[in-house]
Number of protein chains: 2
Amino acid sequence: MDIAIPIFDGLTALDAIGPYEVLSRLPDARIHFLAAEAGPKRTENRMLTLIAERPLDDMRNPEVIVMPGGHGTRALMHDEQMLAWVRAAHETSRGPRRCAPARSCSGPGILDGLEATTHWALMDTLGRLGATPVNRRVVEQGKVITAAGVSSGIDMALTLAARIAGEDMARAIQLATGYDPEPPFDSGSTEKASPEILELARARS
Amino acid sequence: MDIAIPIFDGLTALDAIGPYEVLSRLPDARIHFLAAEAGPKRTENRMLTLIAERPLDDMRNPEVIVMPGGHGTRALMHDEQMLAWVRAAHETSRGPRRCAPARSCSGPGILDGLEATTHWALMDTLGRLGATPVNRRVVEQGKVITAAGVSSGIDMALTLAARIAGEDMARAIQLATGYDPEPPFDSGSTEKASPEILELARARS
């Protein structure tokens, strides 16, 4: 099973690496980091560089696409090559898809008429994309799965792993990756954080 | 504040990227991906390449070291250059340190006499390193923090962020990264998984 993760300058690394760490443990799965132009891609803070091993055109029919987010998605919305690739791959593929944040999917209209989620600081963009915003961590709509920001891709990927290979395999991957979270605080969502924390968090999102 | 993340062939990506995603949001923090020899480093499954931007020798006194794990740590235990760097940086630095898995720290004897944790499949290595194994997700021992496998680095990094910049900032980073986990299953630790799931997980660890 070919799983494509398109990357680009300005991505949020954990958006890509959380799902990669889960899905790469599926039997017979192969993760491919792709970009319009293969080569080094820097994260939004420019502190980390990931390599896109192959160009998008090398893989027109992956079974799963994991679309990461990040400030770089603003430019991506105007990248005709990426948008055309996502549109085509979405139409011909059979497996589940995932886009996060929603912005990454807007050009192709993939979210049109669907319920969707994204990072809390971007929820107001969903309506403009034709989607109905839903304040949940992972939203499944047929073959499109959206997830809230950054760390939520791990939860999304475990859900996806169960759909692909069954719940036992997904549970085994949860154990292999030691995903038994114990956050030292309980401020992970806007409902749980104080207004002061929310303000501090906006500047770091 | 300079935060060093040494990387190497055969690393587990999420071990590095989870903490990176948290710690890079600290005020005035700068994350540096280093290696004995700068350049591309492949993960243990060879599906992803990260770039080490600078050689270890460029940064002898980082304030924090985050040491990722992965099958490549077996070779690391015999890498005199890396071990000497970790030993020297550990001695001269003032801030907190973290090593996971413990194997990465064994050469320098950093864990000798301390309580420590690591990935469940490697817990029996801790005794051989002079450490007392503790079955917890994050273990703080002065300036050494150890964490269990793969995804636990996110919890570790939030704990570390609070020590560096205070609890409000750590809470804001938790919110910025949307770390409000909702695993779809409850098999993230050996106590919670069935024997069948445990067997399946061993092959994927």
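Structure report, in brief.

Reading the values: rules and limits
- Throughout, a residue's number is its position along its own chain's written sequence, starting from 1.
- Chains carry letters from A onward and ligands carry numbers from 1 onward, assigned in written order.
- Reporting of local features is limited, given that this is a predicted model, to residues whose pLDDT is at least 70; pairs of side-chain atoms are given and counted only at 80 or more, and all residues count toward the totals for whole chains, interfaces and linings.
- The side-chain values count all of the structure's non-hydrogen atoms but skip hydrogen atoms and water molecules.
- A least-squares superposition brings the copies together, and it is based on the C-alpha atoms of residues with pLDDT no lower than 70 in both.
- Working rule for contacts: check all heavy atoms of both residues, and any pair within 4.5 Å makes them a contact.
- The term buried area means the drop in 1.4 Å probe accessible area that two parts suffer when joined, counted for both and summed.
- When a carboxyl oxygen of Asp or Glu lies within 4 Å of a side-chain nitrogen of Lys or Arg, that pair is called a salt bridge.
- Contacts described as polar in this section are N or O atom pairs within 3.5 Å, which, within protein, must combine one atom able to donate a hydrogen with one able to accept it, while residues neighboring in sequence count only if both atoms come from side chains.
- Note on conventions: DSSP H or I runs of at least 4 residues are helices, E runs of at least 2 residues are strands, and numbering of each starts at the N terminus.
- Lines fitted to C-alpha atoms define the axes here, with helix axes fitted over just the stretch in contact, and angles between the N-to-C directions of these axes take values from 0 to 180 degrees.
- Here the word oblique covers every angle except those under 35 degrees (roughly parallel), over 145 (roughly antiparallel) and from 65 to 115 (roughly perpendicular).
- Note on convention: near helix rotated counterclockwise from far helix by under a right angle means a left-handed crossing. Clockwise means right-handed.
- All amino acids are sorted into three groups, where Ala, Val, Leu, Ile, Met, Phe, Trp, Tyr, Cys and Pro are nonpolar, Asp, Glu, Lys and Arg are charged, and the leftover types, Gly among them, are polar.
- Summary of the burial criterion: residues with accessible area below 20% of their type's maximum are buried, those above 50% are exposed, and those between are partly exposed, where the area comes from a 1.4 Å probe applied to protein chains only.

## Here's the deal with the relation of the copies chain A and chain B
At step 1: Superposing chain A onto chain B takes a rotation of 180 degrees combined with a translation of 0.0 Å along the rotation axis, leaving an RMSD of 0.0 Å. Such values leave the two copies arranged in the relation of a two-fold axis. Within chain A, the C-alpha atom positioned nearest to the axis of rotation is that of Leu 50 of chain A, 2.4 Å from it.
At step 2: Take the interface residues of chain A: 100% of them recur as interface residues in chain B, which is what a same-surface contact looks like.

## Re the interface of chain A and chain B
At step 1: On the side of chain B, 69 residues touch chain A, which itself brings 69 residues to the contact.
At step 2: Ranking the residues of chain A by area buried against chain B places Met 47, Leu 175 and Arg 204 of chain A at the top, with a combined share of 14%.
At step 3: The interface formed by chain A and chain B contains 4 salt bridges.
At step 4: Among the ionic pairs, Lys 192 of chain B bridges to Asp 180 of chain A, the shortest N-O distance being 2.7 Å.
At step 5: If you look at where chain A meets chain B, you find 41 residue pairs in polar contact (both at pLDDT 80 or more).
At step 6: Elements represented by at least two residues in the side of chain A that touches chain B include exactly helix 1 (13–23), strand 2 (30–35), strand 4 (49–52), helix 5 (152–165), helix 6 (167–176) and helix 7 (195–202) of chain A.
At step 7: With 10 residues, the single largest contributor to the side of chain A that touches chain B is helix 6 of chain A.

## What about the packing of helix 7 of chain A against helix 6 (residues 167–176) of chain B?
At step 1: Between helix 7 of chain A and helix 6 of chain B, the shortest axis-to-axis distance is 8 Å and the interhelical angle comes to 65 degrees. With respect to helix 6 of chain B, the element helix 7 of chain A is oriented roughly perpendicular. As for the relative orientation of helix 7 of chain A and helix 6 of chain B, their crossing is right-handed in sense. Contacts between helix 7 of chain A and helix 6 of chain B involve Ile 197, Leu 198, Leu 200 and Ala 201 of chain A from the first element and Asp 168, Met 169, Arg 171, Ala 172, Leu 175 and Ala 176 of chain B from the second.
At step 2: Here the residues of the contact of helix 7 of chain A with helix 6 of chain B sort into 8 nonpolar, no polar and 2 charged.

## Focus on the pattern of salt bridges
At step 1: Under the definition given, this model contains 21 salt bridges over all chains.
At step 2: The partner of Glu 53 of chain A in a salt bridge is Arg 42 of chain B, and the shortest N-O contact between them spans 3.6 Å. With Glu 53 of chain A in the loop between strand 4 and strand 5 (54–55) and Arg 42 of chain B in strand 3 (residues 39–42), this pair bridges two chains.
At step 3: For Glu 53 of chain A, a relative accessible area of 33% gives the class partly exposed.
At step 4: The partner of Lys 192 of chain B in a salt bridge is Asp 186 of chain B, and the shortest N-O contact between them spans 3.6 Å.
At step 5: What emerges from the salt-bridge pattern is a single network uniting Asp 180 of chain A together with Asp 186 and Lys 192 of chain B.

## Some remarks on unusual backbone geometry
All names here are of chain A.
At step 1: Phi at Asp 28 takes a positive value of approximately 60 degrees, unusual for a residue other than glycine.
At step 2: Counting through the fold element by element, Asp 28 comes out in the loop between helix 1 and strand 2.
At step 3: Judged by its relative accessible area of 71%, Asp 28 is exposed.
At step 4: With phi around 65 degrees, Arg 46 is a residue other than glycine that occupies positive phi space.
At step 5: By the secondary structure assignment, Arg 46 is in the loop between strand 3 (39–42) and strand 4.
At step 6: You can call Arg 46 exposed: its relative accessible area is 51%.

## As for the packing of helix 1 (residues 13–23) of chain B against helix 5 (residues 152–165) of chain B
The relative placement of two packed helices comes down to the angle between their axes together with the axis-to-axis distance.
Residues and elements named next belong to chain B.
At step 1: Relative to each other, helix 1 and helix 5 sit at 30 degrees, their axes nearing to 8 Å. As the angle between them shows, helix 1 and helix 5 are arranged roughly parallel. When you trace helix 1 past helix 5, the crossing you get is right-handed. When helix 1 is examined against helix 5, the residues Gly 18, Pro 19, Val 22 and Leu 23 are found in contact with a partner set consisting of Gly 153, Ile 154, Met 156, Ala 157, Leu 158, Leu 160 and Ala 161.
At step 2: Looking at the contact of helix 1 with helix 5 residue by residue, the class counts come to 9 nonpolar, 2 polar and no charged.

Shape is all these values report; function is a separate question.
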